[in-house]
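The lines below spell out each chain.
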Amino acid sequence: MLHTGGGRGRCEPLRCILAAAGVSFEQVFFTEATGKAELAKLRAAGVLTYDQVPLVEIDGLRLVQGTAPANYLGMRLGLLPDDPKDSYCAQREYVASQDARGPLLSYPFAEFPEAPSEQATASRLAERMGPKGLLSRYAPRWEAMLLASGGPFLLGAKPSIADVGVFECCDYFSDVSSPNPCRGRTPALFAGGRASRE
């Protein structure tokens, strides 16, 4: 069971890991009407170690803090390699994908309660295309990894949490910026995203 707010927040990569592994799961979305009360109930019950979501309930555990649940799910569901070096690489790229998607998390709230303006959208896109952004810092490295691995995944023939995180990040970015800027600049990354969906 997943507990989180609606939309593409910090829980989306965890949802994608479960989906990539073929695991069916129930989602509990906090709504504007009931979210505060539901969150307060979880906090009062001591379910949230640090009083925040997302929360993944699986195997009798209550997993919180985005990266730790991703690593647990990766190990549990066969999306982390057995080899320590390869496992490190998969975890490193997953964390990098979360760093790359971080600025996108606040995008919908740039001018809350109004929808983001064209100026806010252009500013966020420029940030993502700048020297520290997705298209300059992260995407070229992921592209090189895909080409070096022989693909279709970052570590070769088998998908990992790295692929889930990277391709979810790129998909999220393409939802915010149309047309998808990854398509022309990083064709292997764009093709890898398609492979990970299959």
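Presented here is an overview of the structure given in this document. (Residues numbered from 1 in each chain as written. Predicted model: local features only at pLDDT ≥ 70, side-chain atom pairs only at ≥ 80, totals over all residues. Heavy atoms only, no water.)

### Here's the deal with the sheet that holds strand β1 (residues 2-5)
A sheet is described by the order of its strands in space; here four strands give the open sequence β2-β1-β3-β4, paired in mixed fashion. Looking at which strands have only one partner, the edges of the open sheet turn out to be β2 (27-30) and β4 (61-64). Taken over all neighbouring pairs, the strand axes of this sheet differ in orientation by 20° on average, direction set aside. Where strand β3 (residues 55-58) and β4 come together, four bridges link them in antiparallel fashion. Each residue of the ladder has a partner; that of Glu57, found in β4, is Arg62. (Pairing = 2+ DSSP bridges. Helix = DSSP H or I, 4+ residues; strand = E, 2+ residues; numbered from the N terminus. Axes fitted to C-alpha atoms, helices over the stretch in contact; angles between N-to-C directions.)

### Regarding the nonpolar core
One finds Leu14, Ile17, Trp142 and Leu189 to be the most contacted residues of the largest nonpolar core, which totals 39 residues. When contributions to this core are tallied by element, the ones reaching two or more residues are α1 (12-20), β3, α3 (67-76), α4 (84-105), α6 (134-149), α7 (161-176) and α9 (187-197). It is α7 that provides the largest number of residues to this core, a total of 10 residues. For Leu189, the contacting residues outside a window of four places in its chain are Ala139, Trp142, Glu143, Leu146, Val166, Phe167 and Cys170. (Core = buried A, V, L, I, M, F, W, Y, C linked by side-chain atoms within 4.5 Å. Buried < 20%, exposed > 50% of the residue type's maximum accessible area, 1.4 Å probe, protein only. Contact = heavy atoms within 4.5 Å.)

### Digging into unusual backbone geometry
Residue Pro54 is bonded to the preceding Val53 through a cis peptide linkage, with omega at 20°. Counting through the fold element by element, Pro54 comes out in the loop between α2 (35-44) and β3. For Asp51, which is not a glycine, the phi torsion comes out positive at approximately 60°. Residues other than glycine seldom take positive phi values, yet Gln65 does so here, at roughly 70°. According to the relative accessible area criterion, Gln65 is partly exposed, its value standing at 34%.

### Focus on the pattern of salt bridges
A side chain of one charge can pair with a side chain of the opposite charge if their charged atoms are brought near each other. One pass over the full model with this rule turns up five salt bridges. Residue Glu57 is joined to Arg62 by a salt bridge in which the shortest nitrogen-to-oxygen separation is 3.5 Å. Judged by relative accessible area, which is 26%, Glu57 ranks as partly exposed. (Salt bridge = Lys/Arg side-chain N within 4 Å of Asp/Glu carboxyl O.)

### Describing the environment of Gly78
Within the secondary structure, Gly78 is located in the loop between α3 and α4. Here the alpha-carbon distance between Gly78 and Lys158, two residues 80 residues apart in the chain, equals 9.7 Å. Dropping the residues within four chain positions of it, Gly78 is found in contact with Leu73 and Lys158.

### Remarks on α3
Along α3, the residues that are buried comprise Pro69, Ala70, Asn71, Leu73 and Gly74. The secondary structure elements touched by the buried residues of α3 are α1, β3, β4, α4 and α7. Taken from the residues just after α3, Gly78 is the one with a positive phi, measuring 75°.

### With respect to the packing of α1 against α3
The N-to-C vectors of α1 and α3 enclose an angle of 5°; their axes lie 10 Å apart at closest approach. By the angle class used here, α1 and α3 are roughly parallel. Counted together, Leu14, Ile17 and Leu18 of α1 and Pro69, Ala70 and Leu73 of α3 form the full contact between these two elements. The residue inventory of the contact of α1 with α3, partitioned by class, reads six nonpolar, no polar and no charged. (Parallel < 35°, antiparallel > 145°, perpendicular 65-115°, else oblique. Nonpolar A, V, L, I, M, F, W, Y, C, P; charged D, E, K, R; others polar.)

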